[in-house]
Structures are given as structure tokens and as C-alpha cells.
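# Structural description and commentary
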Amino acid sequence: MKSLPPTFDLLNNYSKNKRTKAYRFLAFVLILFSHFLVHSQSSDFIYGRLIDTNSGEGIPFATIIVKDLGKGVISNFHGDFSIPHYIQQQNDTLLISCIGYKSKAISLKSLRSQEVNTIMLSVAITELDEVVIKARKKIKSLSPRKLVKRSIEQIPINYPSSPFSYIAYYREYKMKNDTYFNLNEALIENLDFGFHTYDQRDSKMRLLEYKVDNTFERDPTLDIKYDNVDAKFIPDAHIHPCGGNELTMLMIHDALRNYEHDTYSFVYVLKENFISNHKFKLADIIQIDDGSLYVIDFKSRKTLSDNKYLAFGQIFINRDTYAIHKLFYSVYNIQEKEKQLIFNVNVEYAKKKDLMYLNYISFNNVFKIPNPKDYAVKEIVYNLDNKGMSITFNNPNDSIVTFKRSNYKVKIDDKNVPIKQIIQDSISNRKIQLVLDNVSDFPEIDENDSTRIKIDFKNLTDIDGRLLNDRTYLTYNQYRELFVQQVQTFGEEKSMSLIDKFLPLKNNKISEFIEPQEYWMNTPINKKNINVPIIPNDEKEIPTK
């Protein structure tokens, strides 16, 4: 079965001036049915934040399930989450779990309104006793490499082969200095016909709700399309235009679901390339609620990337079933003094009725755009009447270097023209006038002769010391994430409008729904717009069974 062309390629020979000159294959393509009711106002929610007891840091990607409701959310970047206020009135219980931490069950009634409730999670005890010794003896003949190999071979057994569906919260945003930009959110429903099918082609999605969140910072320059050259690009990578919309671009990065198809460097086709492309080491064995997991570290072989890139991560494998619970993968450029992130993928599956279903997927890539504050010339006008040149800059100029005539070289018909005087504009400190000398020595210049006049600049700076035409770039992280709220282990196709996978979500049609159920967008906490304290919560913990 032939896959669609890859959309994201690592550059093998990176060039500042010609970033698209040569590149190495690296695919980044992200490639449902129930009903919902959206609650969006901050006053309608109870807010929580999960905190690591030891480090005091927020815990992202933890699962928070409303027990009796059977639906839930995944904690955000800082460990925060939201639950609709009306659910709290139902006297339900929150079941909180995260790989590597002890699970916790707390009463929803213990969470307070008008504040961010902090909930502490303790790190799960590492298996450093005789259990590990026995486990190591058990796998003595089964190396970490063979463990991973077996886990991939078991995918057809451990993951669904018949149709199923899920409803999920999707979001896309940019981040810089811990600040969210251009947050767009959606609720989607996915009908998946099983792991033996080609997800990008066969799965059917419905758009249940879409929201451009204007309560967060928005910068239109961050949403321009990747040109892979200068206007917007990913260092050392190339994005093909045929990969699909933002959601499609995310879903193909699920290397487990697409284990028979191209995904990303250096996984490529998981079933065929993952083992041969990496080295493996058993790092740990950790407890989960219903068993334990092998934690296996891996990194890419040097021969793959000529010491230009380093890929590494972790894979979490069930000790009993060999099901893969989690795969974390990062690729870095190691040609600089400090390694530079290119992208990472974090995908987790959870067990339901003896099979593994998607819990969440998060994909993050670095991109760069020109710094809009760079000092540049906006306009040059030759005045036919006074034989002078009017120059407008984008920033206020440094008055000392701006009025040095040696910093300019004007030519007409490739011959130097002396500058008699430099005059500051009386209205704008971004504009100057060059008064030229001996212009009469040249044939008359008219409005069609612009190519006869040339001007070069040197050593010009603005009032903040930025050098003219010195190109710099701003670096951002772009996130695309999908968090499953509820899984149905059966799937039924409905004759309703589907998502066009090559059309941006904002341009897709919202699908109609019947028999409304309750789902919500787990919007990150916006400190600017939610003026509530973040204080420890006196939660009432309920023993987990």
C-alpha cells in the first residue's frame, strides 16, 4: 500500500542562503462519532494544576478522568486542567494517573471555585528490589532490542483491528518564553477502521466545534505559511506543501498507529526501520496501576545522520503483554556548540477492554521568522526636482552614524556621485534626505530610469544599536496536540459532513450532532484573563482500588 508523500524532510546539507538546496527524508504529517455540548466561559469551570511533590514543577500529559461520567482530559503544558462546574455538582470523583507517578483519586467536591487548585502527585517507586532482579533474569535472553522488536510484532494483537471511535480535544498554538500565541481549539470525532488500515486515507473525522481563542496573544506573522527559505522555516528541515491540514500533519506522527507507513526521521516506517536505526538500553522498570513497564532508552545510530543530527527518546513497554504504552522521540541538530531541537513527538496509549487506544499525541517543532525589529530601509525615493534622495527607515535612526557621508555610496550610471549634505526630516526621525552634488554631470534622469541609480549603506544603526540590513530571526515552538476525552470500542459510520484533510480546520464545516453528550475544551489557563490565586488544595483523597 503506497503512502502519500512525506511532508517534512531533514536537510542533509544545510545552507543559510539556500536552505532548500538538499534535504534528507523526514516526514511530519499529522493525519469519529458521538455528540457534545461545549462550555467555554472561565466562570463555568473548576481549575486544577498537578504538581510534582519533589520538584514543585507542573506535570503535563497526566490523565484526569471523571469516574462515573467516564470522560476526562489531559493536563496541559504547566500541568493545569479544567472541569465544567456543573460536573462538580454531581458528587463525582477524579481519577488522576500519569506514567511515572502514583495514581490518585480525589473528590470533586474538594476542589474550590475561583482559584487554581494544586494537586500533588508523588513519583512512583522504582522497582529496585528483587522484582527487578527477577525481571532482569527473565529478559536475560531477551535484550532491550529484542523487547522492542517483540513489542512491534505484537501491535496487531495489542491494538484494535476492528472499527472504533473517539472524541478528542485538539489544539494548535505557538509558544515563546512560556507564553501562548495564536491558540486555536477544536473538538473532533474520529472513526478509525482499525490498525490494519491506512489512517491518513481511511479514517473519517468530524469537526464538532472550532474556536479561535482571542483571549490569548495573537500575532498574524506567526500564521503565515512555511516557505522553507526565509519568511518562515524550520532550521535543517523542509516541509512539503502536500502533507494535509494541521490535524492531518499531527496524526501521521503517531508512529504506533502508522507502524506500517512513513512517519518521521529516524523512525521512518516503525515496523521496518525503528530497530535497525537505533540502539537500546533498559533504563528502568516502573509500576503502573495494573502491572509494570519496561522503560527503554534509545538513540539513533551515528551512521544515519553523519553526526549532524541526534535522535533519542524512551519507549514504555508492558512487561506482561509487550504493549507499547508510550513513545517519546526527539531530534536535535548537533552541529552547533549547543544542540538545537528540531522536533519532538510524545504519544501515549491507554488500555481499555484489553486493547490499547490513543490517549494523547503532542507534536512540537521549532521554527524561525525574521525579526520585525531588524533595522531596514522601507523606501527610497529620488526627487526629480531637487536631485536628491529621500530614504525612509523602519526604525528611528542613530543621529551620529546616520549623518556621516562616508556611510553612503551613491552611483549614477555606475559612477560615484558626491553627497553634499544629509538632512533629517522635520517630521519623522525615520526619514532623511541626501542632497547630491554634480548630478548635472549626468544625463537627465526621469521616472523610468530607476535602474540607473544605486545606493549602498554601511555602519548605519538605529537608536537601539541594530545594524542596518543585519538579518536576525525569532525562534518559536509550534505545538499541535490531541487529547482523547472518550473512546468507544466500536465504530459506526454516519452520513454527516467530514473533515477535508487538506483544508485548514477553520475552513471546514462544523458537523451536525444528535443526542448531545457533555464534552469540553481543556483550554490552558490564561493568567491575564483568569485572575484567581494558585494555592495548595486540601483535597480529599479517596483510596484507589
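For the structure, check the block above.
So, how was this worked out
- Every residue gets a number counted from 1 within its own chain, in the order that chain's sequence is written.
- pLDDT decides what is reported in this predicted model: residues at 70 or higher carry local features, side-chain atom pairs at 80 or more are listed and counted, and totals for whole chains, interfaces and linings draw on all residues regardless.
- As a rule here, side-chain values cover all heavy atoms of the structure and leave hydrogens and water aside.
- Helix and strand labels come from DSSP, where a helix needs a run of H or I of at least four residues and a strand needs a run of E of at least two; each type is numbered from the N terminus.
- Paired strands are those between which DSSP finds at least two bridges.
- A side-chain nitrogen of Lys or Arg and a carboxyl oxygen of Asp or Glu constitute a salt bridge if their distance falls within 4 Å.
- Exposure classes here rest on a 1.4 Å probe applied to the protein chains alone. A residue is buried below 20% of its type maximum, exposed above 50%, and partly exposed in between.

The subject of this paragraph is unusual backbone geometry. With an omega dihedral of -5 degrees, the bond running from Ser265 to Phe266 counts as a cis peptide bond. Checked against the element boundaries, Phe266 lands in the loop between α6 (246-251) and α7 (270-277). Located in the positive-phi region is Asn228, a residue other than glycine, with phi close to 65 degrees. Phi angles above zero are rare outside glycine, and Lys353 is one such case at about 50 degrees.

Let us look at the pairing of strand β6 (residues 93-97). Relative to β6, strand β3 (residues 63-66) is paired through four bridges, and the arrangement is antiparallel. Bridge pairing in β6 links Val66 to Leu94. Of the pairings in the sheet, the one linking β6 to strand β7 (residues 104-107) comprises four bridges and is antiparallel in character. Of the residues in β7, the one forming a bridge with Leu94 is Ile106. The turn joining β6 and β7, which pair antiparallel and follow one another in sequence, is formed by six residues; a positive phi near 100 degrees is taken by Gly100.

Attention shifts here to the pattern of salt bridges. A full pass over the atoms with the stated rule returns 16 salt bridges. Between Lys149 and Glu153 there is a salt bridge, and its shortest N-O distance comes to 2.6 Å. In this pair, Lys149 and Glu153 both sit in helix α3 (residues 144-153), four residues apart, roughly one turn of the helix. Take Lys149: its relative accessible area is 39%, and that puts it in the partly exposed class. Judged by its relative accessible area of 46%, Glu153 is partly exposed. Taken together, the shared-partner salt bridges connect Glu172, Lys174 and Asp223 into one network.

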